[in-house]
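The chain contents come next:
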Amino acid sequence: MSQLDLGTQQLELERYPQQEESTQLQAWEAADEYLLQQLENVDIGGRPVLIFNDNFGTLACALHAHRPYSVSDSYMSQLATRHNLKLNGLDPEQVTLLDSLAELPAAPAVVLIRVPKALALLEQQLRALRHVVTEDTLIVAGAKARDVHTSTMQLFEKVLGPTRTSLAWKKARLIFCQAADIVPPAAAETTNWTLDGTDWLIHNHANVFSRGSLDIGARLFLDHLPRGLNGHIIDLGCGNGVIGLAALAQNPEAQMTFVDESYMAVASSELNVEHNLPQELDRCQFEVNNALAGIERESVQAVLCNPPFHQQHAITDHTAWQMFCDAKRCLQVGGELRIVGNRHLDYHHKLKRLFGNCTLVASNKKFVILKAVKSGARR
């Protein structure tokens, strides 16, 4: 837990979910402080306040009195925001949580943006703002100084209007932008490409991992998916859903659930089933979730997973470990977890410790595909 002193209030803030390494990392950054300083003499006047990409709810907690709208593509960030509001005795109902595809309130007084890692996500958010901001809307974005590039500035200018940057403060920098009467170049809602060896057109919303092409780990995984299953399969951390889509086609008697903590990922998965296998929609469910929270114990025949190894900008195996543990809980006896991962991540030993077994299905110079089966002795 770390304390953020804002002069008029002190906030206790935690990273969420709790994990051992998170105790060494603050739940807020200098960019959050720098952004909040810009509001000290601003008359909001009852108009909406919009916050984008507030990783752990720092800005939402500081501005809760203004009943802000907090926009994020991350379900985990939304959980973190609720957690930190409750931690500080603040009413969670005073913050409206929106996903990145939701409609925004009109004529906001203030827009605060934490610049996201993916420039494509930033562009999508700026284009959504284009429809609701006015000339007197205060638009300020913040990031570590090293993450504010010429391309970032050019994107604001192209989509919204005149843009300038601040001096660096505590290694953070701000971007100030004023909405102007301009028409930005047209852009497609999704990036689309054809999956090799098929006639499937894969749709990718802005914040989907490897949105421009099939990532090389998934390419290997597609050649080694289980077949002949007739139970419940889960594509965990589904991204654009290409793994689940292939498994859906190869297991015509199975039920498939696509799960991710990214709203755009789940929306992309649903779009890809609708477009490529519409006749199979009745066998599918699409769920934004924290790993497999709430999924019934011993109800699943197989979990397919290409796990991430980072949370926000922090490198960690906590998310993968949570996915593996949740998979074990939800799998039936005899059910399997099948994953693809970088060779150096040592998932083999983690799975063997958890399941008591682990089999190498396939490998290449960079990736391995591993299978672990739930036994009656490891329930």
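Above this text is the structure in question.
Along each chain, residues carry numbers from 1 onward, in the same order as the chain's sequence is written. Where totals are concerned, whole chains, interfaces and linings use all residues; where local detail is concerned, this predicted model gives features only for residues with pLDDT of at least 70, and gives and counts side-chain atom pairs only at 80 or more. Hydrogens are left out, water is left out, and the side-chain values use all remaining heavy atoms of the structure.

Student: Tell me what's going on with helix H10 (residues 347-355), and back it up with residues and numbers.
Tutor: The buried label applies to any residue whose accessible area, calculated with a 1.4 Å probe on protein chains only, is under 20% of its type's maximum; exposed applies above 50%, and partly exposed to all values in between. Counting from the N terminus, the helices are the DSSP runs of H or I reaching at least four residues and the strands are the DSSP runs of E reaching at least two. Buried within H10 we find Tyr-347, Lys-350, Leu-351, Leu-354 and Phe-355. The buried residues of H10 occupy an angular sector of 105° when the element is viewed end-on, so they sit on one face. In this structure, H10 carries His-349 and Arg-353 as exposed residues pointing more than 90 degrees from its buried face. Looking at the buried positions of H10, the neighbouring elements they touch are helix H9 (318-330), strand S18 (331-342) and strand S20 (367-373). Positive phi appears at Gly-356, one or two residues downstream of H10, with a value of about 85°. Note: the arc covers the axis-to-C-beta directions of the helix. Only heavy atoms enter the contact rule, under which two residues are in contact if any of them lie within 4.5 Å.

Student: If you had to explain the nonpolar core to someone new, which residues and values would you point to?
Tutor: In terms of nonpolar packing, the biggest core is built from 32 residues, with Leu-195, Leu-222, Leu-225 and Ile-243 touching the most fellow members. Counting only elements with at least two residues in this core, the list comes to helix H6 (216-222), helix H7 (242-250), strand S13 (255-260), helix H8 (263-276), strand S15 (300-305) and S20. If you tally residues by element for this core, the top one is H7, at six residues. When near neighbours in sequence (up to four residues on either side) are disregarded, Ile-243 contacts Ala-218, Phe-221, Leu-222, Leu-225, Asp-235 and Leu-304. By nonpolar core we mean a set of buried residues, namely Ala, Val, Leu, Ile, Met, Phe, Trp, Tyr and Cys, connected to one another through side-chain atoms within 4.5 Å.

Student: Talk me through the packing of H9 against H10; I want residue IDs and the actual numbers.
Tutor: Interhelical geometry of H9 versus H10 gives an angle of 35° and a closest axis separation of 11 Å. Here H9 and H10 pass one another in a crossing that is right-handed. Side by side, H9 and H10 meet where Ala-320, Trp-321, Phe-324, Cys-325 and Lys-328 of the first sit next to Tyr-347, Lys-350, Leu-351, Arg-353, Leu-354 and Phe-355 of the second. What counts as an axis is a line fitted to C-alpha atoms, over the stretch in contact for a helix, and the angles between N-to-C directions run from 0 to 180 degrees. Crossing handedness is read from the near helix: turned anticlockwise from the far helix by less than a right angle, it gives a left-handed crossing, and turned clockwise, a right-handed one.

Student: Can you explain the pattern of salt bridges? Please cite residues and give values.
Tutor: A pair can form between side chains of opposite charge whenever their charged atoms are brought close. In what follows, salt bridge is the name for a side-chain nitrogen of Lys or Arg lying within 4 Å of a carboxyl oxygen of Asp or Glu. For the structure on display, the rule yields ten salt bridges. In this structure, the salt-bridge partner of Glu-29 is Arg-114, at a minimum N-O distance of 2.9 Å. Remark: Arg-114 occurs in strand S6 (residues 110-114) and Glu-29 occurs in the loop between strand S2 (10-13) and helix H1 (30-37); sequence separation between them is 85 residues. Relative accessible area serves as the criterion here: at 23%, Glu-29 is assigned to the partly exposed category. Here Asp-196 ties to Arg-219 by a salt bridge, and the two come within 3.1 Å at their closest N and O atoms. Placement of Asp-196 in the loop between strand S10 (191-194) and strand S11 (201-204) and of Arg-219 in helix H6 is noted, with a sequence separation of 23 residues between them.

Student: I'd like a rundown of the pairing of strand S14 (residues 284-288), residues and numbers included.
Tutor: Here, strands pair whenever DSSP counts at least two bridges between them. Sheet topology places S13 next to S14; five bridges connect them, and they run parallel. Paired with Thr-257 across the bridge in S14 is Gln-285.

Student: An account of the packing of aromatic side chains is requested, with residue identities and associated values reported.
Tutor: Pairing of aromatic rings covers Phe, Tyr and Trp, the last through its six-membered ring, and needs centres within 6.5 Å; plane angles under 30 degrees mean stacked, over 60 mean edge-to-face, and all others mean tilted. In the structure shown here, the tally under the stated rule is three aromatic pairs. Centroid distance Phe-258 to Phe-286: 5.1 Å. Interplanar angle 10°. Geometry classified as stacked. One end of the pair, Phe-258, is in strand S13; the other, Phe-286, is in strand S14, and 28 residues separate them in sequence. For Phe-258, a relative accessible area of 0% puts it in the buried group. Since its relative accessible area comes to 22%, Phe-286 is described here as partly exposed. The side chain of Arg-164 reaches across the aromatic face of Phe-176, ending 4.3 Å from its centre. Throughout this description, the term charge over a ring refers to an Arg CZ or Lys NZ atom that lies within 6 Å of the ring centre and within 35 degrees of the ring normal.

Any link to function would need more than the numbers given here.
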